[in-house]
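Listed below are the residues making up each chain.
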Amino acid sequence: SQQGEEDPQALSIQEGENATMNCSYKTSINNLQWYRQNSGRGLVHLILIRSNEREKHSGRLRVTLDTSKKSSSLLITASRAADTASYFCATENSGAGSYQLTFGKGTKLSVIP
Amino acid sequence: NAGVTQTPKFRVLKTGQSMTLLCAQDMNHEYMYWYRQDPGMGLRLIHYSVGEGTTAKGEVPDGYNVSRLKKQNFLLGLESAAPSQTSVYFCASSYTLLGQRNQPQHFGDGTRLSIL
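Overview of the structure. Keep in mind that this is a model prediction, so the values were computed, not measured.

1. A look at the side chain of S72 of chain A
Residues and elements named next belong to chain A.
Then, in step 1: Mapped onto the elements, S72 comes out in strand β8 (residues 71-76).
Then, in step 2: Within polar-contact distance, the side chain of S72 engages the side chain of W34 at 3.3 Å.
Then, in step 3: Sequence-distant contacts of S72, that is, excluding residues within four places in its chain, are made with M21, N22, C23, L32, W34, V63, T64 and L65.

2. Examining the side chain of S94 of chain B
Then, in step 1: Among the secondary structure elements, S94 of chain B is positioned in strand β9 (residues 87-94).
Then, in step 2: Apart from the residues within four sequence positions on either side, S94 of chain B is in contact with H29, E30, Y31, Y33, P104 and Q105 of chain B.

3. Some details on the state of the cysteines
Residue and element names in this part refer to chain B.
Then, in step 1: Applying the stated criterion across every chain, the model contains 2 disulfides over all chains.
Then, in step 2: Between the sulfur atoms of C23 and its disulfide partner C91 the distance amounts to 1.9 Å. Taking the torsion about the sulfur-sulfur bond, which here is approximately -75°, the covalent link between C23 and C91 counts as left-handed. Of this pair, C23 sits in strand β3 (residues 19-25) while C91 sits in strand β9, and the two are 68 residues apart along the sequence.

4. Quick notes on the packing of aromatic side chains
Then, in step 1: Across all of its chains, the model carries 9 aromatic pairs over all chains by this definition.
Then, in step 2: Judged by centre distance (6.1 Å) and plane angle (80°), the rings of F103 of chain A and F107 of chain B are edge-to-face. Residue F103 of chain A is found in strand β10 (residues 101-103), and its partner F107 of chain B is found in strand β10 (residues 106-107); the two belong to separate chains.
Then, in step 3: When its relative accessible area of 1% is taken as the criterion, F103 of chain A is described as buried.
Then, in step 4: Seen in terms of ring centroids, Y64 of chain B and Y89 of chain B are 5.8 Å apart; in terms of plane orientation they differ by 65°. Their pairing is edge-to-face. Taken together, the positions of Y64 of chain B in the loop between β6 (54-57) and β7 (65-67) and Y89 of chain B in strand β9 put the pair 25 residues apart, joining distant regions of the chain. Considered together, Y64 of chain B and Y89 of chain B belong to a single accessibility category, that of buried residues.
Then, in step 5: Taken together, the aromatic side chains of Y35 and F103 of chain A together with Y31, Y33, Y35, Y48 and F107 of chain B make up a single cluster linked through ring pairs.

Conventions used here
Residues numbered from 1 in each chain as written. Chains lettered and ligands numbered in written order. Predicted model: local features only at pLDDT ≥ 70, side-chain atom pairs only at ≥ 80, totals over all residues. Heavy atoms only, no water. Helix = DSSP H or I, 4+ residues; strand = E, 2+ residues; numbered from the N terminus. Polar contact = N/O pair within 3.5 Å; in protein donor to acceptor, adjacent residues only side chain to side chain. Contact = heavy atoms within 4.5 Å. Disulfide = S-S within 2.5 Å. Phe/Tyr/Trp six-rings, centres within 6.5 Å; stacked < 30°, edge-to-face > 60°. Buried < 20%, exposed > 50% of the residue type's maximum accessible area, 1.4 Å probe, protein only.

Spelled out as structure tokens, the structure:
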């Protein structure tokens, strides 16, 4: 079953603009992670935010987490053509022995030069 | 340092044939995972392993078997392939020990499997 659901499914922006992707989930979590997948490649981990954190930064990435709304957002600032990829959120659900990640369906980002 | 390596990268099978997908990691990670990725479905967990000699079922385990005889290797087997198993298969690993959460997963580049 899908835990995270990304919104929008697809996003097209001009180079230099900011891109915002949202993720909603259903159950309580230990952490939420964002991954990037370039076409024909595996997923690459971008950033992890723990359930007791509200915001986290990494370079041009900013992630927020609102556990009361069960939602997260990923902001990519000053986008580049190389940011073109699919972005997935994944949740590690809380509960004994739960070390698995549940992935959403992804947001396909196109950055136009 | 190769990370996570999957072989083969591509394969075409006929219905009913069997095959084994190999995943190898050189990061000394305890946990390893097999996912399948289908269009519009995201990644779904097939099986995972929390250490050498142990395996467990994920969300979609039917039709697959796995083995983890060595810590660095995780094998995914299809005993009798079906067209519904046409997919891209990803292996991942993480440094996750009991009691230590919040670890990212490292992925291979996938095996593209078509079953006719």
